[in-house]
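# Observations on chain architecture
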Amino acid sequence: MRLKKIEKVSMIGLGAVGAAYGSKWHDLLGDSFQVVANEARIRKFEKDGVKVNGREYRFNYITPETETTPADLVIFAVKNADLAQAMEDMKQHIGPDTILLSLLNGISSEDEIRAVYPKQHILYSVCIQIDAVRNGNETNFSTLGWIEYGEKNNAITAEVRALEELLDKAGIGYKISENILHTMWWKFMVNVGINQTSSVLRAPYGVFQSVSSAMEWSEATMREVVILSQKVGADLTEDDVISFRPVLHSMSPNGKTSMLQDMEAGRKTEVEYLAGKVCELGEKYGVPTPINDQLFKIIRIMEEMEGN
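Please read all numbers here as calculations on a predicted model, not as lab measurements.

As for its placement among the helices and strands, S198 is situated in helix α6 (residues 180-201). A distance of 2.8 Å separates a polar side-chain atom of S198 from the backbone oxygen of N195.

Right, here's the structure in full:
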């Protein structure tokens, strides 16, 4: 196996997840960790600062137009709707040997990245159990959870080992997945269930920890994903639904899903990539998805009411 080392990292997206993990990469790499953003965002970041768990961070910001050498690792931490622009903005940071890593919700971002960068080495990943909440320029978390990742074919490659070394040195929890397709569908199932119901109920994790009917609704939503997963070979089961319960109860009761944070901040949600994707796959495979059909309509109406 050819040895590989990640010494320069570029990331785009400084929301709750990006800021939380970015603080760790900044602490490890210093200016060799770059945050890519347009000039207007950089001015705002520099004016207001970015605080993570009460500590102010002055990241090494760089615009998409600034000439730079390619990074060893490029991280996408934007919303799904912003991925196309983000891929364009990262062009100068991507060279022949650059590893690409997506921290987006859903199950489609890696395929979208592959379509634009077919020759790049893409590692598949999901963020699990992170409870970071962003409010203005401040991001707070009680747990970073872990990044579960791997090759599409589950092979252990030099790139997998290089990311393992980086995460270990940065103090970020990780797990090399034995079946990344199953893992990604498990996280998709969880997001479909908890993100969407929390945004409609305006409920933090504590509601699902203490109100059984809320959790029952969330799990019923997840079960529509379980049926679809069996059509594509991801093969989720009822055990996978149950396995989320201890994860949920380990999270801060005041923590909020990313979709709830978006709803409260008046931002566009990612419902098209959650319920929308479930409904799309349901039509494709002839699987009824009544709960997600309704959630898709409700969340879209809520967005229109908020003027999103």
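The subject of this paragraph is the environment of I94. Of note, I94 is situated in the loop between α3 (83-89) and β7 (99-102). Judged by its relative accessible area of 12%, I94 falls in the buried class. In sequence terms I94 and I172 are 78 residues apart; their C-alpha atoms lie 23 Å from each other. Sequence-distant contacts of I94, defined by excluding residues within four places in its chain, comprise P70, V74, L100, Y117 and Q120.

As enumerated under the stated definition, the model contains 19 salt bridges in all. For E238, the salt bridge identified is with R223, shortest N-O distance 2.9 Å. Here the residue E238 occupies a position in helix α9 (residues 238-249), and R223 occupies one in helix α8 (residues 212-232), the gap between them amounting to 15 residues. Note on R223: relative accessible area 31%, which makes it partly exposed. The shortest N-O distance in the salt bridge between E264 and K256 comes to 2.9 Å. Here E264 falls in the partly exposed class, since its relative accessible area comes to 41%. The partly exposed category is assigned to K256, whose relative accessible area is 24%. Connected via shared salt-bridge partners are E219, R223, E238 and R245.

Once that is clear, we can look at the packing of α6 against helix α12 (residues 290-306). The geometry of α6 relative to α12 is characterised by a closest axis approach of 10 Å and an angle of 40 degrees between their N-to-C directions. Taken together, the axes of α6 and α12 lie oblique to each other. Seen along the crossing, α6 lies across α12 with a hand that is left-handed. Every residue of α12 that contacts α6 at V192, Q196, T197, S199 and V200 is listed here: N292, L295, I298, I299 and M302. Residue composition of the contact of α6 with α12, by class: 6 nonpolar, 4 polar and no charged.

Another aspect to go through is the environment of V241. Tracing the backbone through its elements, the reader meets V241 in helix α9. When its relative accessible area of 0% is taken as the criterion, V241 is described as buried. Linking V241 and T63, residues 178 residues apart in sequence, is a C-alpha distance of 42 Å.

This part is about the layout of surface pockets. Considering only enclosed or pocket space, the second largest pocket measures out at about 380 Å³ in volume. For the second largest pocket, the lining is made up of 15 residues, of which I107, D111, L181, W185 and V232 are closest to its centre. Where the lining of the second largest pocket is concerned, the elements lending two or more residues are α6 and α11 (275-285). For the lining of the second largest pocket, the element with the highest residue contribution is α11, accounting for 5 residues. Residue classes in the lining of the second largest pocket are distributed as 9 nonpolar, 1 polar and 5 charged.

Each value, and the rule that gives it
- Residues numbered from 1 in each chain as written.
- Predicted model: local features only at pLDDT ≥ 70, side-chain atom pairs only at ≥ 80, totals over all residues.
- Heavy atoms only, no water.
- Helix = DSSP H or I, 4+ residues; strand = E, 2+ residues; numbered from the N terminus.
- Polar contact = N/O pair within 3.5 Å; in protein donor to acceptor, adjacent residues only side chain to side chain.
- Buried < 20%, exposed > 50% of the residue type's maximum accessible area, 1.4 Å probe, protein only.
- Contact = heavy atoms within 4.5 Å.
- Salt bridge = Lys/Arg side-chain N within 4 Å of Asp/Glu carboxyl O.
- Axes fitted to C-alpha atoms, helices over the stretch in contact; angles between N-to-C directions.
- Parallel < 35°, antiparallel > 145°, perpendicular 65-115°, else oblique.
- Left-handed = near helix turned anticlockwise from the far one by under 90°.
- Nonpolar A, V, L, I, M, F, W, Y, C, P; charged D, E, K, R; others polar.
- 1 Å grid on protein atoms, 1.4 Å probe; cavity = no way out; pocket = protein on both sides within 12 Å on 5 of 7 lines; lining within 4 Å.
- Points joined across faces, edges and corners; volume = space filled by probe spheres on them.

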